[in-house]
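Observations on the three-dimensional arrangement
Here's the letter readout for the chains.
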Amino acid sequence: MSDHLATVSTIYSAFGKGDVPAILAHVADDVRWEDFADNSAHKARVPYLIKRTGKAGVGEFFKAVGAMKITEFQVLGLMAGGNKVVAEIAISVETPGGLMRDEELHLWTFDAAGKVSNFRHYVDTAKHIAAAKQA
């Protein structure tokens with residue numbers, strides 16, 4: 001079994017450097033990103049919280065995130081069990097309406113090969129929907 005905590009730490013380190021290819025190296029070809037059956041951020045079409053699939057879809061996610069002015073991104077803690085890792089995150093983003101700060105959980109699921117097979121943000125969707133409308 002791969003060290004999923006180390007993989008997630010490596011992904012966040014690459015994110016901090018803007019190194020999307022390094023992130024994609026840890027993602028399964030058929031990854032499901034933001035794959036919820038029912039989610040208000042999907043319905044509101046928040047650009048960085050819509051459902052995506054495959055590495056190309058994950059690349060589109062990072063393109064949407066790249067358009068944001070992130071002023072704070074902290075990994076507050078990581079927890080692992082089985083094939084899942086949960087990250088507690090603090091994030092602040094400058095929007096036309098002002099600063100939006102959220103505390104999030106990121107759920108990473110890994111396949112048998114140690115690649116990310118599913119990823120979900122658990123966020124205050126009302127904050128993100130309001131911020132997306134101001135953009």
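Rules of the game
Residues numbered from 1 in each chain as written. Predicted model: local features only at pLDDT ≥ 70, side-chain atom pairs only at ≥ 80, totals over all residues. Heavy atoms only, no water. Helix = DSSP H or I, 4+ residues; strand = E, 2+ residues; numbered from the N terminus. Buried < 20%, exposed > 50% of the residue type's maximum accessible area, 1.4 Å probe, protein only. Contact = heavy atoms within 4.5 Å. Phe/Tyr/Trp six-rings, centres within 6.5 Å; stacked < 30°, edge-to-face > 60°. Lys NZ or Arg CZ within 6 Å of the ring centre and 35° of its normal. Pairing = 2+ DSSP bridges. Axes fitted to C-alpha atoms, helices over the stretch in contact; angles between N-to-C directions.

On to the environment of A113, then. Topologically, A113 is positioned in the loop between β5 (98-110) and β6 (116-122). Sequence separation between A113 and A28 is 85 residues, and the spatial gap between their C-alpha atoms is 8.6 Å.

Quick look at the environment of S9 now. With respect to the helices and strands, the residue S9 is situated in helix α1 (residues 4-17). Given a relative accessible area of 36%, S9 falls into the partly exposed group. For the pair S9 and V27, spaced 18 residues apart in the sequence, the C-alpha separation amounts to 14 Å.

With respect to the element layout, I70 can be found in strand β3 (residues 69-81). Along the sequence, I70 and L99 sit 29 residues apart, while their C-alpha atoms lie 9.6 Å from each other. In this structure I70 touches F15, V65, I91, S92 and V93, once residues within four positions along its chain are discounted.

Summed over all chains, the structure comprises 11 aromatic pairs. For the pair F15 and F62, a centre-to-centre distance of 6.1 Å together with 50 degrees between the ring planes defines the contact as tilted. Placement of the pair is F15 in helix α1 and F62 in helix α4 (residues 54-66), with a sequence separation of 47 residues. Judged by relative accessible area, which is 21%, F15 ranks as partly exposed. A network of ring pairs unites the aromatic residues Y12, F15, W33, F61, F62, F73, W108 and F119 as a single cluster. Residue placement shows R120 over the ring face of F36; its charged tip is 4.3 Å from the ring centre.

The backbone of E34 shows a phi angle near 60 degrees, a positive value even though the residue is not glycine. Judged by relative accessible area, which is 1%, E34 ranks as buried.

Before going further, it helps to examine the sheet that holds strand β4 (residues 84-95). Overall, mixed pairing links the six strands, which are arranged β2-β1-β6-β5-β4-β3 in an open sheet. Each of the sheet's edge strands pairs with one partner strand only, and the pair in question is β2 (52-53) and β3. Pairing of strand β1 (residues 27-33) with β6, which is carried by three bridges, proceeds in the parallel orientation. Bridge pairing in β6 links V27 to V116. Across the sheet, α4 touches β1, β2, β3 and β6, and the angle it forms with β1 is around 60 degrees. Sitting on the sheet, helix α5 (residues 125-134) touches β4 and β5, and the angle it makes with β5 is about 120 degrees.

When β4 meets β5, the two strands line up antiparallel, connected through 12 bridges. Note on β5: the bridge partner recorded for E88 is L105. Between the antiparallel neighbours β4 and β5 lie two residues. The pairing of β5 with β6 spans six bridges and is classified as antiparallel. Along β6, the bridge assignment pairs W108 with F119. Linkage of β5 to β6, two consecutive antiparallel strands, is achieved through a turn of five residues, within which G114 is found at a positive phi near 85 degrees.

By themselves, these are just geometric observations and shouldn't be taken as functional.
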